[in-house]
Amino acid sequence: MAERSVLVTGGSGGLGGAVVASFVEAGWRVVVPRRGALPGSEPAAGALVPVTADLTDPAGAARAVEAAAGEPAAPLRAVVNLVGGYASGGLVHETPIEEFERMLTLNLRPTYLATQAALPHLVAGGGGAVVCVSARAAVAPFPGAAGYVTAKAAVLAFANAVAVEYRSRGVRCNTVLPSVIDTPANRAAQPTADHSRWVTPAEIAPVIRFLASDDSAPTSGATVPVYGRA
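Bear in mind that the values here come from a model prediction, so they are computed numbers and not experimental data. (Residues numbered from 1 in each chain as written. Predicted model: local features only at pLDDT ≥ 70, side-chain atom pairs only at ≥ 80, totals over all residues. Heavy atoms only, no water.)

A. Broad picture of the overall build of the protein. Each helix and strand counted, the protein has 7 helices and 7 strands in total. Element order for the protein, N to C, with α for helix and β for strand: β-α-β-β-α-β-α-α-β-α-β-α-α-β. With the C-alpha coordinates of the protein rotated into their principal frame, the extents come out at 50 × 45 × 35 Å. Residue burial in the protein is summarised as follows: out of 230 residues, 42% are buried. Restricting the contact set of the protein to residue pairs at least 6 apart, pairs at least 24 apart contribute 68%. About 10,800 Å² of surface is accessible on the protein, with carbon and sulfur atoms providing 56% of the total. Considering the protein, the positive charge centre built from 17 side chains and the negative charge centre built from 17 side chains are found 4 Å apart. (Helix = DSSP H or I, 4+ residues; strand = E, 2+ residues; numbered from the N terminus. Buried < 20%, exposed > 50% of the residue type's maximum accessible area, 1.4 Å probe, protein only. Contact = heavy atoms within 4.5 Å. Areas by Shrake-Rupley, 256 points an atom, 1.4 Å probe, with all protein chains shown as cover. Lys, Arg positive; Asp, Glu negative; His and termini not counted. Charge placed at Lys NZ, Arg CZ, Asp CG, Glu CD.)

What follows is the structure, given as structure tokens:
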């Protein structure tokens, strides 16, 4: 029987599967929001608990958090923010504001809303951890992706703000910065790249689980590179 819960946003994505499996293996109750119920799926009563919620909507984020915090025997102890995405484009003067803002909506808004809704529960429970996923592009930008770079830099800045604001209340917040993650979607987008240099989801997942666990209790406000050999 799990004794603690974690909310994993983006748990059905390319990185999410490895992260969810890592927490389940470690004995956590894992709540995974999805925009829509999968065909034939039903709410789980075990370690993995799906919940239908749109995390770009405040009510949806609150519903996901309530599901994660709703088991008294396994109180909410961590939030892992994986929701995000990448889109390339032109240079800044060639990028419509709608495309720029879409990257902010996809990468920053769910992280803000899920964290915002979870913080009162973490504080009331005596503390916990928030882990955010930014990207190496936040600290090493490249051309043709101003919206993505800005959004991931904003995720990093937001995580650092949470770390400062909630340190005295026992809530830690740390950020991981992957390089290119070795997922089927990224391989399809870059078929000629040297995939052996990319970082795999299985390599990132234990780092995230560590930052969510009591083993990293002294650590808050950290920016952790997970670049592989890229």
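Having put the structure on the table, let's press on.
B. Representation of the sheet that holds strand 1 (residues 5–9). Ordered in space as 3-2-1-4-5-6-7, the 7 strands form an open sheet in which the pairing is parallel. On the outer flanks of this sheet lie strand 3 (48–52) and strand 7 (223–226), each paired with one strand and no other. Averaged over all neighbouring strand pairs, the angle between strand axes comes to 20°, with direction disregarded. Two strands pair when backbone bridges link them, and strand 1 and strand 4 (residues 76–81) are joined in this way by 5 bridges, in the parallel orientation. (Pairing = 2+ DSSP bridges. Axes fitted to C-alpha atoms, helices over the stretch in contact; angles between N-to-C directions.)

C. The environment of Ser88, seen in detail. On the secondary structure map, Ser88 appears in the loop between strand 4 and helix 3 (97–107). Distance in space between the C-alpha atoms of Ser88 and Glu99 is 9.6 Å, their sequence separation being 11 residues.

D. Inspection of the nonpolar core at higher detail. Core analysis: the largest hydrophobic core is formed by 28 residues, its most contacted members being Leu7, Leu76, Val130 and Cys173. For this core, the elements supplying multiple residues, two or more each, are strand 3, helix 2 (58–68), strand 4, helix 4 (109–124), strand 5 (128–133), helix 5 (146–166) and strand 6 (171–178). Per-element accounting of this core gives the leading share, 6 residues, to helix 5. For Leu7, the contacting residues outside a window of four places in its chain are Val31, Pro33, Ala64, Val65, Ala68, Leu76, Ala78, Val79, Val80 and Ala114. (Core = buried A, V, L, I, M, F, W, Y, C linked by side-chain atoms within 4.5 Å.)

E. Summary view of the packing of helix 2 against helix 4. At a minimum axis distance of 9 Å, the contact between helix 2 and helix 4 shows a crossing angle of 45°. Considering their axes alone, helix 2 and helix 4 lie oblique with respect to each other. In this structure, the crossing between helix 2 and helix 4 has a hand that is right-handed. Counted together, Pro58, Ala61, Ala62, Val65 and Glu66 of helix 2 and Arg109, Leu113, Ala114, Ala117, Ala118 and His121 of helix 4 form the full contact between these two elements. Among the residues forming the contact of helix 2 with helix 4, the class breakdown is 8 nonpolar, 1 polar and 2 charged. (Parallel < 35°, antiparallel > 145°, perpendicular 65-115°, else oblique. Left-handed = near helix turned anticlockwise from the far one by under 90°. Nonpolar A, V, L, I, M, F, W, Y, C, P; charged D, E, K, R; others polar.)

Everything listed here is a matter of coordinates, which is why it stays silent on function.
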